[in-house]
Amino acid sequence: MVVASLEMHWPGIEPGFPSWKARILPLNHHCPPAPGSLKLSMPMEVWSSSEITKLKSCSFLFSLGKGSSSISSDVSSSTDHTPTKAQKNVATSEDSDLSMRTLSTPSPALICPPNLPGFQNGRGSSTSSSSITGETVAMVHSPPPTRLTHPLIRLASRPQKEQASIDRLPDHCMVHVFSFLPTNQLCRCARVCRRWYNLAWDPRLWRTIRLTGETIHVDRALKVLTRRLCQDTPNVCLMLETVTVSGCRRLTDRGLYTIAQCCPELRRLEVSGCYNISNEAVFDVVSLCPNLEHLDVSGCSKVTCISLTREASIKLSPLHGKQISIRYLDMTDCFVLEDEGLHTIAAHCTQLTHLYLRRCVRLTDEGLRYLMIYCPSIKELSVSDCRFVSDFGLREIAKLECRLRYLSIAHCGRVTDVGIRYIAKYCSKLRYLNARGCEGITDHGVEYLAKNCSKLKSLDIGKCPLVSDTGLECLALNCFNLKRLSLKSCESITGQGLQIVAANCFDLQMLNVQDCEVSVEALRFVKRHCKRCVIEHTNPAFF
């Protein structure tokens, strides 16, 4: 009959024993029990199967000598009757992986015979009998708190990795969160884990590509992104509709050619400030992207016109001019744009509704004449700082009639009351007019404008020294819906004119009277009658 004793120790009874510990001792083992432990001695045959099952459920790990059965099937090492074989097993266990220290599969290195040199401590050193010479110590890591099945014993359970809060969100919520990220941040999210990778490349998130920065290699980035987006639909990015690479100075014609080849559904392209692109690249985009409606090439000094490529023009001739569907075109700061280039643009982009030609200093009235011939649907037009535009150019612009809602002729020094009369007479639905710096405008022009454009909401006549309180009075009595008024540096304006405006234009939201000789009382009067009005002034006494 094999008789052994069982010694158990529970954590927390004595410092220095942070985990469960159980030892199978020979019958004649005279080692006293450790403080706070319980020592039982009984024949192994006396143990019932139910008791053994209970011990196994508590994750106690035991191993007996040769010929005996192991109580726990998870133990991966056992001792032998002979000391030499036991040492051999120990060497094997020491070479095993120490990283797999789990409750169900403990590390063999944690099952240590007592006859090792490193085990000669107060609790392990003993004189073994001739019948059973080995003793196995099984260390079990403390399990997380669970429900108690015994007053002193807690059930051991496999520790589970705590899940991050964001990982609990369903896929559609994660995709919605990712939709607010710029392109570079979205690419970083794709590197977190496999789930984020799959979600970050959801086609719904790639309707827009936004890249900014002077140091980014835009050509390479566009090539990599389009190649990844073309995996499901070879060589074509059907979902991509918007590309914004404003301020990326390293963008070249090669990057635009990549977009033109892979993005046939492109609707919006913004490359403002990318001064290295040329006409040929723009021609490729407008020729291969028939749905392009919004094009911003402001600051691209090498772009002189917008047209189809020669091959596309031959295929679509003679109706090729109607094949470009661009409605919004911004060519601000395209300094080399001339009348001939504007003529080409107008002939090819007949559906234009918004056109901005700020600081295109080479344009003249002739270019505006071409524009009105081919583009009769323009609603917003800016020719600010085009110093060669005169009253004759405004006469051509007036042919837009009631379709024109926004007009900017700031710093066009050749414009006078004559040009303003043309605009006021034919463009009665004008809502916004910027005539700052047009020094030829007087009270007569303002009066004619106020009587014919009564729905005017925003007016900028700053730096027009010939405009006085008389013009303001006529403006206030006719344009009741006026919300923004700029009178900056109008030397003839006084507080009386401002009071008339404030008394009639209650919806005024912005008033600019910087560098005007206006009293504090007049400013306070404006503030009382137009409570939502923001006053921009240079009077230190008013605050």
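First things first, this report covers the structure right here in the doc. Residue numbers restart at each chain and count upward from 1, following the sequence in its written direction. Local features in this predicted model are restricted to residues whose pLDDT is 70 or higher, and side-chain atom pairs enter the listing and the counts only when it is 80 or higher, whereas totals over whole chains, interfaces and linings include all residues. The basis for the side-chain values is all heavy atoms of the structure; hydrogens and waters are excluded.

**Some thoughts on the nonpolar core**
The biggest cluster of nonpolar side chains holds 129 residues, and the ones touching the most others in it are Ile306 and Ile409. Looking at which domains feed residues into this core, each of domain 1 (170-205) and domain 2 (390-542) supplies at least three. By definition, residues are in contact when any of their heavy atoms lie within 4.5 Å. Setting aside chain neighbours within four positions, we find isoleucine 409 in contact with Val383, Ser384, Leu394, Val415, Ile420, Leu433, Asn434, Ala435 and Cys438. Among the buried residues, those of types Ala, Val, Leu, Ile, Met, Phe, Trp, Tyr and Cys that are joined through side-chain atoms within 4.5 Å form a nonpolar core. The classification of residues rests on relative accessible area computed with a 1.4 Å probe and restricted to protein chains. Under 20% of the type maximum is buried, over 50% is exposed, and intermediate values are partly exposed. Start and end points for every domain follow an automatic or database-based domain assignment.

**Some thoughts on the side chain of threonine 442**
Each helix is a run of DSSP H or I of at least 4 residues and each strand a run of E of at least 2, with the numbering of both proceeding from the N terminus. Here threonine 442 is to be found in the loop between β14 (432-434) and α14 (443-452). Its relative accessible area of 17% is what places threonine 442 among the buried residues. In this structure threonine 442 touches Asp417, Leu466 and Val467, once residues within four positions along its chain are discounted.

**Quick look at a positive patch on the surface**
Side chains of Lys379, Arg405, Lys429 and Lys455 sit close together on the surface and give a patch of like positive charge. As for its position among the elements, lysine 379 is in the loop between α11 (365-374) and β12 (380-382). Within the patch definition used here, like charges are joined within 9 Å and nonpolar side chains (Val, Leu, Ile, Met, Phe, Trp, Tyr) within 5 Å, considering only residues with over 30% relative accessible area and no salt bridge. Reported accessibility uses the Shrake-Rupley method at a 1.4 Å probe radius. Residues are deemed covered only where the shown protein chains occlude them. Put simply, a salt bridge is a Lys or Arg side-chain nitrogen that is within 4 Å of an Asp or Glu carboxyl oxygen. In this tally, Asp and Glu contribute negative charge and Lys and Arg positive charge; neither His nor the terminal groups of the chain are included. We put the charge of a Lys on NZ, of an Arg on CZ, of an Asp on CG and of a Glu on CD.

**Considering the state of the cysteines**
Any two cysteine sulfur atoms lying within 2.5 Å of each other are counted as a disulfide. Inspection of the entire model under this criterion finds zero disulfides. Sulfur of cysteine 274: no disulfide; nearest cysteine sulfur belongs to cysteine 248 and is 5.5 Å away. Of all cysteine sulfurs, the one in cysteine 505 lies closest to cysteine 479, which takes part in no disulfide; the gap is 7.3 Å.

**What about the environment of cysteine 349?**
Within the fold, cysteine 349 resides in the loop between α10 (339-348) and β11 (354-356). Once the C-alpha coordinates of cysteine 349 and serine 325 are considered, the two residues, 24 residues apart in sequence, prove to be 6.7 Å apart.

**Concerning the pattern of salt bridges**
As enumerated under the stated definition, the model contains eleven salt bridges in all. The partner of aspartate 171 in a salt bridge is arginine 195, with the nearest N and O atoms 2.8 Å apart. Taken together, the residues aspartate 171 in helix α3 (residues 171-178) and arginine 195 in helix α5 (residues 194-200) connect sequence positions 24 residues apart. By relative accessible area, which is 26% here, arginine 195 ends up partly exposed. With a closest N to O distance of 3.0 Å, glutamate 447 and lysine 451 form a salt bridge. Of this pair, glutamate 447 and lysine 451 both sit in helix α14, four residues apart, which is roughly one turn of the helix. On the basis of relative accessible area, lysine 451 is assigned to the exposed category, the value being 52%.

**Here we look at helix α7 (residues 253-262)**
Every buried residue belonging to α7 is among Gly255, Leu256, Thr258, Ile259, Ala260 and Cys262, and all of these are buried. Where α7 is buried, its residues meet α6 (218-229), β7 (242-244), β8 (268-270) and α8 (279-288).

**Focus on α14**
By the burial criterion, the buried members of α14 are Asp443, Gly445, Val446, Leu449 and Ala450. Buried residues of α14 fall within an arc of 160 degrees about the axis and therefore sit on the same side. Seen from the buried face of α14, the exposed residues on the opposite side, beyond 90 degrees, are His444 and Lys451. The inward-facing, buried residues of α14 contact α13 (417-426), β14, β15 (458-460) and α15 (469-478). Working note: the arc is built from the helix axis to C-beta atom directions.

**Brief notes about the side chain of aspartate 219**
Its location among the elements puts aspartate 219 in helix α6. Buried within the structure, aspartate 219 lacks any salt-bridge partner; its nearest side chain of opposite charge belongs to arginine 254, at an N-O separation of 5.5 Å. Here the side chain of aspartate 219 touches glycine 255 through a polar contact of 3.3 Å, landing on its backbone nitrogen. Beyond its immediate stretch of four places on either side in the chain, aspartate 219 contacts Arg250, Leu251, Thr252, Arg254 and Gly255. Under the rule applied, a polar contact is a pair of N or O atoms within 3.5 Å (in protein, one hydrogen donor and one hydrogen acceptor; residues adjacent in sequence only if both atoms are side-chain atoms).

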